[in-house]
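Okay, here's what each chain looks like letter by letter:
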Amino acid sequence: MPVATPEEYAEMLDKAKKNAFAYPAINVSSSSTINAVLQGLAEAGSDGIIQVTTGGADFFAGQSVKNRAGGAIAFARFATEVAKAYPIKVALHTDHCPKDALDGFVFPLLEASEQEVKAGRAPLFQSHMWDGSAVPLEENLEIAKQILPRTHALNQVLEVEIGVVGGEEDGVSHEINDQLYTTLDDAIATVEALGLGEHGRYMAALTFGNVHGVYKPGNVQLRPELLGEIQQGLAAKYGTEAKPLDLVFHGGSGSTDDEIAQAVANGVIKMNIDTDTQYTYTRSVAASMFGNYDGVLKVDGEVGNKKVYDPRAWGKAAETAMAARVVSATQQLGSAGWSTK
């Protein structure tokens, strides 16, 4: 099936919220990792989200040039074409764009989608993230208010981060401290600035102790119940449904099944996955190299084994390993079996 249209993406998100599951949003940085995500989602019978960061887009464009917007466009066009062969739907998303990267990343991509829509075609992406976690909340929301009308006009979804996710991802780094917990007042300020959908659809990455990167269960104190308390507080204040916000879970590596289940039950419909799939892909490559060292290397004057050092050999194994981790994510989040029929 082709990449989801904006309308189909909205239906995907509505379905997740109604049926209390979340989509895995997998970060990619190459055509090979895109293929791995598509393989995994198809094997699981799950729709999903494929996303790219500024650093991933830089890598798509070529490490020797500075063309992250071009890299993101290349990602979108490649994914749009190859996704047609798979029996699931995916949405394309840009992840974690801080303030100093807006002019070189999100804004050019919005312009590219505006040109596509003007020509009668679909936008290149279904959603974009503005990461204002490094600036004061008031400034964060003011910038979001400026972006939301543009995404709304394109029928895209804006993702905002309200609070601070600790750790580091693609140069966006925060300390691990008490700032990792969004408050009800923060959420109220968000609704006052952005509305509840009437000005355009958005997803909110509220923080409840999240940390990017690698950590063992128990090293960070996650409080997924906080999401439920915030949703209840907003519902009481604005007289809305029980879970008025569409929520996103960042920094989930090392989270327990129970923590993930609680977050999903409290309105999380998208969970970012990057560290685990990176490791799984690279771990497979390492196994191929170490297990076949005398084939991938020309040892003691020998010629090696082309069938082993051919990138397609170890690349297929790496894609299959990463696909298996994607399948696991869909099962953990409950999206397995919910593909568009």
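Peer 1: Just give me the short version of the overall build of the chain, but keep the residues and values in it.
Peer 2: Assigned secondary structure in the chain consists of 13 helices and ten strands. Across its three principal axes, the chain shows a C-alpha extent of roughly 75 × 50 × 40 Å. With 341 residues in all, the chain has 54% of them scored as buried. Of the roughly 14,800 Å² that the chain leaves accessible, carbon and sulfur atoms contribute 52%. Seen as two clouds, the 27 positive and the 43 negative side-chain charges of the chain have centres 8 Å apart.

Peer 1: Any chance you could break down the packing of aromatic side chains for me, citing the residues and the numbers?
Peer 2: Scanning the model with the defined rule gives five aromatic pairs in all. A centroid spacing of 5.2 Å and a plane angle of 20° characterise the contact between F21 and W338, whose relative ring orientation is stacked. With F21 in the loop between α1 (6–19) and β1 (23–27) and W338 in the segment after α13 (311–333), this residue pair connects regions lying 317 residues apart in the sequence. What makes F21 buried here is its relative accessible area of 2%. Joined through ring pairs, the aromatic side chains of F21, Y23 and W338 make up one cluster.

Peer 1: Tell me about the pattern of salt bridges, and please be specific about residues and values.
Peer 2: Following the criterion strictly, the structure yields 15 salt bridges and no others. Among the salt bridges present, the one from R68 reaches D58, with a minimum N-O distance of 2.9 Å. Of this pair, R68 sits in helix α4 (residues 68–82) while D58 is found in helix α3 (residues 54–61), placing the two residues ten residues apart along the sequence. Residue R68 is classed as partly exposed on the basis of its relative accessible area, which comes to 25%. Its salt-bridge partner being R223, residue E225 comes within 3.4 Å of it at the nearest N-O pair. Here E225 falls in the partly exposed class, since its relative accessible area comes to 34%.

Peer 1: I'd love a proper account of the side chain of H128, names of residues and values included.
Peer 2: Following the sequence through the fold, H128 ends up in strand β4 (residues 127–130). Those residues within four positions of H128 in sequence are excluded, and the remaining contacts are H93, T94, L109, L110, Q156, V157, L158 and E159.

Peer 1: Tell me about the environment of L38, residues and numbers included.
Peer 2: As for its position among the elements, L38 is in helix α2 (residues 31–44). Judged by its relative accessible area of 0%, L38 falls in the buried class. Separated by 44 residues in the primary sequence, L38 and V82 place their C-alpha atoms 8.8 Å from one another. Other than its neighbours up to four places away in sequence, L38 contacts I50, V82, A83, Y86, I88 and V90.

Peer 1: Can you explain the nonpolar core? Please cite residues and give values.
Peer 2: General note: in soluble globular proteins, nonpolar side chains tend to be found buried as a group. I50, F75, F125, W130 and V160 are the most contacted members of the largest nonpolar core, which totals 73 residues. What V160 contacts, discounting residues up to four positions off in sequence, is W130, A144, L194, Y202, M203, A204 and A205.

Peer 1: Give me the lowdown on unusual backbone geometry, citing residues and values where you can.
Peer 2: What you tend to see is this: most non-glycine residues have negative phi, and most peptide bonds are trans. The phi dihedral of A20 is positive, around 55°, even though this residue is not glycine. For A20, the location among the structural elements is in the loop between α1 and β1. Phi at D300 is positive, roughly 50°, even though this residue is not glycine. Tracing the chain through its elements places D300 in the loop between α11 (293–296) and α12 (306–309). Judged by its relative accessible area of 76%, D300 falls in the exposed class.

Conventions used here
- Residues numbered from 1 in each chain as written.
- Predicted model: local features only at pLDDT ≥ 70, side-chain atom pairs only at ≥ 80, totals over all residues.
- Heavy atoms only, no water.
- Helix = DSSP H or I, 4+ residues; strand = E, 2+ residues; numbered from the N terminus.
- Buried < 20%, exposed > 50% of the residue type's maximum accessible area, 1.4 Å probe, protein only.
- Areas by Shrake-Rupley, 256 points an atom, 1.4 Å probe, with all protein chains shown as cover.
- Lys, Arg positive; Asp, Glu negative; His and termini not counted.
- Charge placed at Lys NZ, Arg CZ, Asp CG, Glu CD.
- Phe/Tyr/Trp six-rings, centres within 6.5 Å; stacked < 30°, edge-to-face > 60°.
- Salt bridge = Lys/Arg side-chain N within 4 Å of Asp/Glu carboxyl O.
- Contact = heavy atoms within 4.5 Å.
- Core = buried A, V, L, I, M, F, W, Y, C linked by side-chain atoms within 4.5 Å.

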